[in-house]
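# Results of the structural survey
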Amino acid sequence: MERFKMPVAVHLLLINDDKILVIKRINTGYCDNMYSLPAGHVEKGENVREAMIRETKEEINIDVSKNLKVVQVMNRKGTDQDRIDYFFLAKKWSGDINNNEKNKCALIKWVPIDKLPQNTIPYVKYAIKMYCQKEKFTMFDCV
């Protein structure tokens, strides 16, 4: 019998003053036209930190390798699959922010952390809210 498997994803809270960087998803088949964070799945052979560094470089062209801190872990129950999400914080980075995945990202913008766009993915909005409340572990039910 095959064991239950739960994908692991990483998300970046890139914060400058009281603003957070958000991206608008397109052409992905998941929450298109909604705002999220730079994020991705952990690939075989890498740890969560390595995945976050890789995803950040791939998606928005910056290096956060010296400035990452895990600020929250979320156990997310979904309609199709349960997941574990790691949320990393970076307040410093090197390189210039650029949309490297225009086929998956319509827009990158800075927004006030307490005024996220209405069409932010609900679990992402909840994670940011809980980060602001200094919660280190959260659970979110997507069903």
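Preceding block: the structure.
Residues numbered from 1 in each chain as written. Predicted model: local features only at pLDDT ≥ 70, side-chain atom pairs only at ≥ 80, totals over all residues. Heavy atoms only, no water.

All right, on to a positive patch on the surface then. On the surface, a cluster of positive charge is contributed by K69, K91, K134 and K136. Looking at the element boundaries, K69 is found in strand β5 (residues 69–77). (Patch = residues over 30% accessible without salt bridge, like charges linked within 9 Å, V, L, I, M, F, W, Y side chains within 5 Å. Areas by Shrake-Rupley, 256 points an atom, 1.4 Å probe, with all protein chains shown as cover. Salt bridge = Lys/Arg side-chain N within 4 Å of Asp/Glu carboxyl O. Lys, Arg positive; Asp, Glu negative; His and termini not counted. Charge placed at Lys NZ, Arg CZ, Asp CG, Glu CD. Helix = DSSP H or I, 4+ residues; strand = E, 2+ residues; numbered from the N terminus.)

Of all hydrophobic cores here, the largest spans 20 residues; its most connected members are L13, I20 and F87. For this core, the secondary-structure elements that each account for two or more residues are β1 (8–16), β2 (19–25), β5, β6 (83–90) and α2 (122–132). Excluding residues that lie within four positions of it along the chain, L13 makes contacts with I20, L37, F87, F88, L89, A90 and Y131. Core analysis: the next-biggest nonpolar cluster, separate from the first, contains 12 residues, V10, L12, M52 and F88 among them. (Core = buried A, V, L, I, M, F, W, Y, C linked by side-chain atoms within 4.5 Å. Buried < 20%, exposed > 50% of the residue type's maximum accessible area, 1.4 Å probe, protein only. Contact = heavy atoms within 4.5 Å.)

Here we take up the packing of aromatic side chains. Tallied over the full model, the rule gives two aromatic pairs. Residues W93 and W110 carry aromatic rings whose centres are separated by 5.9 Å and whose planes lie at 25° to one another, so their mutual orientation is stacked. Here W110 lies in strand β7 (residues 105–112) and W93 lies in the loop between β6 and β7, a separation of 17 residues in the sequence. Assessed through its relative accessible area of 29%, W110 is described here as partly exposed. Their ring planes at 45° and their centres at 5.5 Å tell us that Y126 and F140 sit as a pair that is tilted. Here the residue Y126 occupies a position in helix α2, and F140 occupies one in strand β8 (residues 137–141), the gap between them amounting to 14 residues. You can call Y126 partly exposed: its relative accessible area is 28%. The aromatic ring of Y123 is capped on one face by R76, whose charged end is 3.6 Å from the ring centroid. (Phe/Tyr/Trp six-rings, centres within 6.5 Å; stacked < 30°, edge-to-face > 60°. Lys NZ or Arg CZ within 6 Å of the ring centre and 35° of its normal.)

Turning to the pattern of salt bridges, a few remarks are in order. Applying the stated rule across the entire model yields six salt bridges. Between R54 and E43 there is a salt bridge; the shortest N-O distance is 3.6 Å. With R54 in helix α1 (residues 48–60) and E43 in the loop between β4 (39–41) and α1, this pair connects stretches of sequence that are 11 residues apart. Judged by its relative accessible area of 17%, R54 is buried. Taking relative accessible area as the criterion, E43 reaches 46% and is therefore assigned partly exposed. Across the pair R54 and E55 runs a salt bridge whose closest N-O atoms are separated by 3.0 Å.

This part covers α2. Residues of α2 that are buried include every one of Y123, V124, A127, I128, M130 and Y131, and no others. Buried residues of α2, viewed axially, fall in a sector of 165°; they line one side. (Arc of directions from axis to C-beta.)

This part is about the environment of G78. Along the polypeptide, G78 turns up in the loop between β5 and β6. Sequence separation between G78 and V42 is 36 residues; the distance between their C-alpha atoms is 18 Å.

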